[in-house]
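# Coordinate inspection notes
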Amino acid sequence: WVEAVSGGKTHRASLKQLVAAFRAAVRFGDDESEGSSDMVFASSHAFNAVMRFSIGQMDAVLRAHLEGGAAPAGRKGSSKATREGKKAGKAVRVDALPHWRALQPLVKSYLTNLVVFVDRLASSAERGSEMLSVALGQLHRLVPFLLPFPRLRPKALRALLRAWAAPEAGGQGC
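Worth saying up front: this structure is predicted, and the values here are computed from it rather than measured.

## Here we look at the packing of helix α2 (residues 12–26) against helix α3 (residues 44–67)
One can describe the packing of α2 onto α3 by two numbers: an axis separation of 10 Å at closest approach and a directional angle of 135°. Considering the angle they form, α2 stands oblique to α3. Crossing geometry of α2 relative to α3 is assigned as left-handed. Of the residues in α3, those touching α2 at Arg 12, Leu 15, Leu 18, Val 19, Ala 21, Phe 22, Ala 25 and Val 26 are Phe 47, Val 50, Met 51, Phe 53, Ser 54, Ile 55, Met 58, Val 61, Leu 62 and His 65. The residue inventory of the contact of α2 with α3, partitioned by class, reads 15 nonpolar, two polar and one charged.

## Points about α2
Between its first and last C-alpha, α2 extends 21 Å over 15 residues, near the 21 Å set by a 1.5 Å rise per residue. Those residues of α2 not exposed but buried are Ser 14, Leu 15, Leu 18, Val 19, Ala 21, Phe 22, Ala 24, Ala 25 and Val 26.

## A short note on the nonpolar core
Grouped together as the largest cluster of nonpolar side chains are 45 residues, with contacts concentrated most on Met 58, Leu 62, Tyr 110, Leu 111 and Phe 145. When contributions to this core are tallied by element, the ones reaching two or more residues are α2, α3, α5 (100–123), α6 (130–141), α7 (143–146) and α8 (152–165). By residue number, the principal contributor to this core is α5, which donates 12 residues. Residues in contact with Tyr 110, not counting those within four places in the same chain, are Val 19, Phe 22, Ser 54, Ile 55, Met 58, Leu 62, Gln 138 and Leu 142.

## Notes on the environment of Gly 56
Tracing the backbone shows Gly 56 in helix α3. Residues Gly 56 and Ala 135, spaced 79 residues apart in sequence, show a C-alpha to C-alpha distance of 7.7 Å.

## Some thoughts on the confidence of the model for the chain
Summing up the model confidence of the chain, the mean pLDDT is 78 and the portion of residues at 70 or higher is 68%. Looking over the chain, one finds the lowest element-wise mean pLDDT in helix α4 (residues 80–87), namely 51, and the highest in α7, namely 94. Note that pLDDT drops below 50 for residues 73–79; the model gives that stretch 10 contacts with residues more than four away or on any other chain. Within the model, the stretch residues 170–174 combines pLDDT values under 50 with four contacts to residues more than four positions away or in other chains.

## Notes on the packing of aromatic side chains
Taken as a whole, this structure holds three aromatic pairs when the rule is applied. Between Phe 22 and Phe 117, the ring centres sit 6.5 Å apart and the planes meet at 70°, which makes this aromatic pair edge-to-face. Taken as a pair, Phe 22 in helix α2 and Phe 117 in helix α5 lie far apart in primary sequence, 95 residues in all. Look at Trp 100 and Phe 149: their rings are 5.7 Å apart centre to centre, the planes differ by 45°, and that puts the pair in the tilted class. Pair noted here: Trp 100 is in helix α5 and Phe 149 is in the loop between α7 and α8, with a separation of 49 residues, a long-range link. Both residues of the pair, Trp 100 and Phe 149, belong to the buried class. Put simply, the rings of Phe 22, Tyr 110 and Phe 117 pair up and form one aromatic cluster.

## Some details on the environment of Arg 120
Structurally, Arg 120 can be placed in helix α5. As for Arg 120 and Arg 162, which are separated by 42 residues in sequence, their C-alpha atoms are 9.6 Å apart.

## Some thoughts on the pattern of salt bridges
For the structure on display, the rule yields three salt bridges. Arg 93 is the partner of Asp 95 in a salt bridge, and the nearest nitrogen-oxygen pair spans 2.6 Å. For the salt bridge of Asp 119 with Arg 162, the shortest nitrogen-to-oxygen distance reads 2.2 Å. Residue Asp 119 is found in helix α5, and its partner Arg 162 is found in helix α8; the two are separated by 43 residues along the sequence. Taking relative accessible area as the criterion, Arg 162 reaches 38% and is therefore assigned partly exposed.

Parameters and conventions
Residues numbered from 1 in each chain as written. Predicted model: local features only at pLDDT ≥ 70, side-chain atom pairs only at ≥ 80, totals over all residues. Heavy atoms only, no water. Axes fitted to C-alpha atoms, helices over the stretch in contact; angles between N-to-C directions. Helix = DSSP H or I, 4+ residues; strand = E, 2+ residues; numbered from the N terminus. Parallel < 35°, antiparallel > 145°, perpendicular 65-115°, else oblique. Left-handed = near helix turned anticlockwise from the far one by under 90°. Contact = heavy atoms within 4.5 Å. Nonpolar A, V, L, I, M, F, W, Y, C, P; charged D, E, K, R; others polar. Expected span 1.5 Å × (residues − 1). Buried < 20%, exposed > 50% of the residue type's maximum accessible area, 1.4 Å probe, protein only. Core = buried A, V, L, I, M, F, W, Y, C linked by side-chain atoms within 4.5 Å. pLDDT = per-residue confidence, 0-100. Phe/Tyr/Trp six-rings, centres within 6.5 Å; stacked < 30°, edge-to-face > 60°. Salt bridge = Lys/Arg side-chain N within 4 Å of Asp/Glu carboxyl O.

Shown next, in the form of structure tokens:
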């Protein structure tokens, strides 16, 4: 899925599979979700590849799909509405992009799982991990995507506050 989504023009089916794989990776090891996922990772390399891509580049892939273009090659390309919004210094409303209605469930699923992942990383023993930093960066890039989901915003804020309030790996707090 990672190769299909990152290799130029992508299909929604590939994006849907990648979001499902990310969900399975985030929920991996949960007691209540043991039998609920059809996704099985063949190796730790596959698991790692899904997590790295999802946390590192999913924002650009979602934007490209919402704008109706090809998957980004180096995060370039944007719709006319996006370019005009950036020129005016305004935040772009993602729910006004051409393919929002079709992709809204996928965006919500990805955001929900990203918030769960950030929350888990913040409460784990590896609080100062590089993975938490990358996940926070991804969540930061996806802030405009949170606007259409009023119930998800407080959960994201709670996860962010927990991450920022957690003591560093050295044992010192804020």
